[in-house]
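Residue-level structure breakdown
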Amino acid sequence: MTQPAFRPVAEHGVLVEFADAINDAAYAHVRHLDAMLAAHGFPGFVESIPAYVNILVEFDPLLTDHAAVIQALHGLLALKPAPAATTTPREVLVCYDADFAPDLPEVAKACGLTEEEAIAAHLAGDYAVFLYGFAPGYAYLGGVPPALHLPRKAAAVRGIAAGSVIIAGAQCLVTTLTMPTGWWIIGRSPTQILRPDPAHPFLFDVGDRVKFRRISRREFEARQ
Amino acid sequence: MTARFQITHAGPYVSVQDGGRPKLMRFGVPASGAMDRLALQAANLALGNPAPAAGIEVSLGGLALTCTEGAVTLAVAGGGFIVEADAKHGSWVVLTVQAGQRLIIRPGPWGSWAYLCFAGALQTGHWLGAAATHALSGFGGGKLAAGGSLEIHDPRVNQALNGPIPCPIFARPRANLRVTLGPQDRFFTAETLHDLLSSRFALTTAYDRMGVRLSGPALHPAAPLNMPSEPITRGSVQVAGDGVATVLLADHQTTGGYPKIATALDCDLDSFTQLRPRDAVTFQAVAPAQAIALARAHAAAQRAYLLALMRPR
């Protein structure tokens, strides 16, 4: 492995960067270091925040410093990855009814598909949680099939309901808050990502695999 | 026993805050909590409460309450606000208020945030173990609004606590923000980095719990803006494509794709948030080892100050 860059962040962090642009190898290194930090930590470790090409490692400046943290990170990076555990994909329900999917006709047209073909393509995707970002519970899912890849819209649309299933490029996201978005809205999910269970307040862990399952309007309403 | 207050006025961004919900950034959740964490702790400790207990964060919009039931000793700390109850006070004060009395907190000579804490248990909602209100979602204890009410269970009245709380020098607004450069300083030219460290910037009115936009020389990134989204922290100095810098604060988004030219030291942020729109701010770069030394010195001074508040005055 080429050495990652270690970038100091104020008095409390080190950003460990494996690449400049998104690629599978860099993300695998992020996941590996995140797992090693969760398993072993180091004295003064506070939390880690994984992203696509880098991971922010937060520490307590009263207990350690950047140099000691970077040394500890070298040790963790040298550890062998644990064998990947086989996990059951998380299931996210989605209703594609027209009023829940205002952009579905335009997405289908831009991709040269019928609406049913676009839905089938979305359902066929094998998704994984790359990171949470932006706002609570915003889990960025990679794995949108290439047939549905579209750049985001030129301008964001305001007031998009929580639970909207939105796509842009290779990414898919189920929103948790009513927010503006420039992504394409193709459905609505009753699946709660922010959960009332204090022991497991978020549906996904980073790295989880995700499958979408289509539901009818009746089932959607029954689960509201 | 209960003490009850009717909310007759609450400005924008007046919300329940506490010590925050740390260690959840990997789920998209910033720590939130008081913008000025020191002031919240001072108000609580002056009453004998745990330092991170929930209180009310009062913005420049101000707050007016009427006590409708019971009596309670309370503390206001943070900024140079004006506190009207039995008489006119400045913030950094402990008072006792009883049924029939009004309590008004409004901006005074300096500061952007004041904290109202009660000797007793403020009844409030929680999210993920904290009462801190996350502005974007409203999750947590929530914002205050006229017509609402506050309830304090097991209120304590301790007239012996009434009187001023000392305001330490490090609680005053900080116009010189110490930063480490980066993590994306490499995306800026040497001239732009020089501009960052040698120019006067000012806070703008685009100032809320998520962050504050600055005015000043444009800090245009030299590299194209195509970096992958990456983690952001409280204190990140993020530069958008138009060259405008924003300092991210308590309710910051947890990831973003704009370069961070610098990151403000966390130990400077409480006092930085007490600046007001149009106040000037400059940036001073420090090496990482220096940042650690500054943080430790600040923590020691803050700890000595807070411990002294816990002794009977």
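All residue numbers refer to position in the chain's written sequence, counted from 1. Here every chain gets a letter starting at A, and every ligand a number starting at 1, in the order they are written. The predicted nature of this model means local features are confined to residues of pLDDT at least 70 and side-chain atom pairs, given and counted, to a pLDDT of 80 or more, with totals for whole chains, interfaces and linings taken over all residues. In computing side-chain properties, one takes all heavy atoms of the structure into account and sets aside hydrogens as well as water.

1. Some points on the overall build of chain A
Heads up, the rule is: Secondary structure is summarised from DSSP: a helix means a run of H or I of at least four residues, a strand means a run of E of at least two, and numbering begins at the N terminus for each. Partly exposed describes any residue whose relative accessible area lies between the buried limit of under 20% and the exposed limit of over 50%, with all areas from a 1.4 Å probe on protein chains only and scaled to the type maximum. Throughout, a contact is declared for two residues whenever any of their heavy atoms are within 4.5 Å.
The number of helices and strands found in chain A is five helices and 13 strands. When the backbone C-alpha atoms are referred to their principal axes, chain A occupies close to 55 × 35 × 35 Å. When burial is assessed residue by residue, chain A has 53% of its 224 residues classed as buried. Counted over contacts in chain A with a minimum sequence separation of 6, partners at least 24 positions apart contribute 62%.

2. Quick word on the environment of Gln17 of chain B
All names here are of chain B. Our working rule: Within 3.5 Å is the distance limit for a polar contact, defined as a pair of N or O atoms, with the added protein rule that one can donate a hydrogen and the other accept it, and that residues adjacent in sequence qualify only through two side-chain atoms.
Structurally, Gln17 is set in strand β2 (residues 15-17). Through-space distance from the C-alpha of Gln17 to that of Ala130 is 8.5 Å; in sequence the pair is 113 residues apart. Those residues in contact with Gln17 that lie beyond four places of it in its chain are Ser32, Gly33, Ala34, Leu40, Ala53, Ala54, Gly55, Glu57, Ala132, Thr133 and Arg209. Within the structure, Gln17 has its side chain in polar contact with the backbone nitrogen of Gly33 (distance 3.2 Å). A distance of 3.0 Å separates a polar side-chain atom of Gln17 from the backbone oxygen of Thr133.

3. Concerning the pairing of strand β3 (residues 55-58) of chain B
Residue and element names in this part refer to chain B. Under the convention used in this document: Criterion used throughout: strands pair if DSSP finds at least two bridges between them.
Two strands pair when backbone bridges link them, and β2 and β3 are joined in this way by three bridges, in the antiparallel orientation. Paired with Ser15 across the bridge in β3 is Glu57. As paired elements, β3 and strand β10 (residues 114-118) share three bridges and run antiparallel to each other. Among the inter-strand pairings, Glu57 is bridged to a residue of β10, identified as Tyr115.

4. Focus: the environment of Gln224 of chain A
Residues and elements named next belong to chain A. Topologically, Gln224 is positioned in the segment after α5 (217-222). Residue classification places Gln224 among the exposed residues on the basis of a relative accessible area of 64%. Each C-alpha atom, one on Gln224 and one on Gly159, is 19 Å from the other, the two residues being 65 residues apart in sequence.

5. Quick word on the interface of chain B and chain A
For clarity, the cut-off: Put simply, buried area is the surface a 1.4 Å probe can reach on two separate parts but cannot reach once they are joined, added for both. Put simply, a salt bridge is a Lys or Arg side-chain nitrogen that is within 4 Å of an Asp or Glu carboxyl oxygen.
Facing the 38 residues of chain B at the interface are 45 residues of chain A. Summed over both sides, the interface of chain B with chain A buries roughly 3300 Å², with 67% coming from carbon and sulfur. Three residues stand out in chain B for area buried against chain A, namely Arg26, Phe27 and Pro231 of chain B, and they jointly supply 21% of the buried area on that side. Between chain B and chain A we count three salt bridges in total. Notably, a salt bridge pairs Arg186 of chain B with Asp20 of chain A, separated by 3.9 Å at the nearest N-O pair.

6. Concerning helix α1 (residues 24-40) of chain A
All names here are of chain A. What counts here: To estimate the expected span of a helix, subtract one from its residue number and multiply by 1.5 Å.
Here α1 contains 17 residues, and its C-alpha end-to-end distance of 24 Å stays within 8% of the 24 Å for a straight helix at 1.5 Å per residue. Here α1 has its buried residues at Ala26, Tyr27, Val30, His32, Leu33, Asp34, Met36 and Leu37. One side-chain oxygen at the N-terminal end of α1 lies 3.1 Å from the backbone nitrogen of Ala25; it belongs to Asn23. Gly41 sits one or two residues past α1 and shows a positive phi near 55°.

7. Some points on the domain arrangement of chain B
All names here are of chain B. Going by this rule: Residue ranges labeled as domains rest on an automatic or database domain assignment.
In terms of domains, chain B is made up of domain 1 (2-167) and domain 2 (176-303). Its C-alpha centre places domain 1 at a distance of 28 Å from the equivalent point of domain 2. At the junction of the two partners, domain 1 supplies 31 residues and domain 2 supplies 20 residues. Of the roughly 2000 Å² buried between domain 1 and domain 2, counting both surfaces, carbon and sulfur atoms make up 48%. Where domain 1 touches domain 2, the interface holds three salt bridges. The residue Asp270 makes a salt bridge to Arg37 at a minimum N-O spacing of 2.8 Å. Applying the counting rule to domain 1 against domain 2 returns 19 residue pairs in polar contact (both at pLDDT 80 or more). Ranked by residue count, the leading element in the side of domain 1 that touches domain 2 is strand β9 (residues 102-110), at four residues.

8. Here's the deal with the side chain of Thr254 of chain B
Relative to the assigned elements, Thr254 of chain B resides in the loop between β19 (245-248) and β20 (255-256). A residue is classified by how much of its surface remains accessible, and Thr254 of chain B, at 0% relative accessible area, is buried. A polar contact of 3.3 Å, which involves the side chain of Thr254 of chain B, links it to the backbone nitrogen of Phe134 of chain A. Setting aside residues up to four positions removed in sequence, Thr254 of chain B forms contacts with Tyr132, Gly133 and Phe134 of chain A together with Met25, Gly28, Val29, Pro30, Glu230, Pro231 and Ile232 of chain B.

9. Here we look at the sheet that holds strand β6 (residues 80-84) of chain B
All names here are of chain B. Here seven strands make up an open sheet; going across it, the order is β7-β6-β9-β4-β1-β12-β11 and the pairing antiparallel. This sheet does not close on itself; its edge strands, each paired only once, are β7 (88-90) and β11 (121-122). As paired elements, strand β4 (residues 63-69) and β9 share four bridges and run antiparallel to each other. The partner of Thr66 across the bridge, within β9, is Arg102.

10. What about the domain arrangement of chain A?
Residues and elements named next belong to chain A. The criterion, for reference: For this classification, the nonpolar set comprises Ala, Val, Leu, Ile, Met, Phe, Trp, Tyr, Cys and Pro, the charged set comprises Asp, Glu, Lys and Arg, and every other residue, Gly included, is treated as polar.
When cut into domains, chain A gives domain 1 (5-77) and domain 2 (90-222). Taking only C-alpha atoms into account, the centre of domain 1 sits 30 Å from that of domain 2. For the pair domain 1 and domain 2, the summed buried surface comes to about 570 Å²; carbon and sulfur atoms form 59% of the total. Applying the counting criterion to the domain 1 and domain 2 interface returns zero salt bridges. Counting the contacts that link domain 1 with domain 2 gives four residue pairs in polar contact (both at pLDDT 80 or more). Looking at the side of domain 1 that touches domain 2, its residues break down into four nonpolar, no polar and one charged.

11. Observations concerning the packing of α1 of chain A against helix α2 (residues 66-77) of chain A
All names here are of chain A. Test applied: Convention adopted: a line fitted to C-alpha atoms gives each axis, helices being fitted over their contacting stretch, and angles between N-to-C directions are expressed from 0 to 180 degrees. Angles are sorted into four bins: roughly parallel if under 35 degrees, roughly antiparallel if over 145, roughly perpendicular if 65 to 115, and oblique for all others.
Between α1 and α2, the least distance of the axes is 9 Å, while the angle of their chain directions is 105°. On the basis of their axis angle, the class for α1 and α2 is roughly perpendicular. Of the residues in α2, those touching α1 at His32, Leu33, Met36, Leu37 and His40 are Leu73, Leu76 and Leu77. Grouping the constituent residues of the contact of α1 with α2 by class yields six nonpolar, two polar and no charged.

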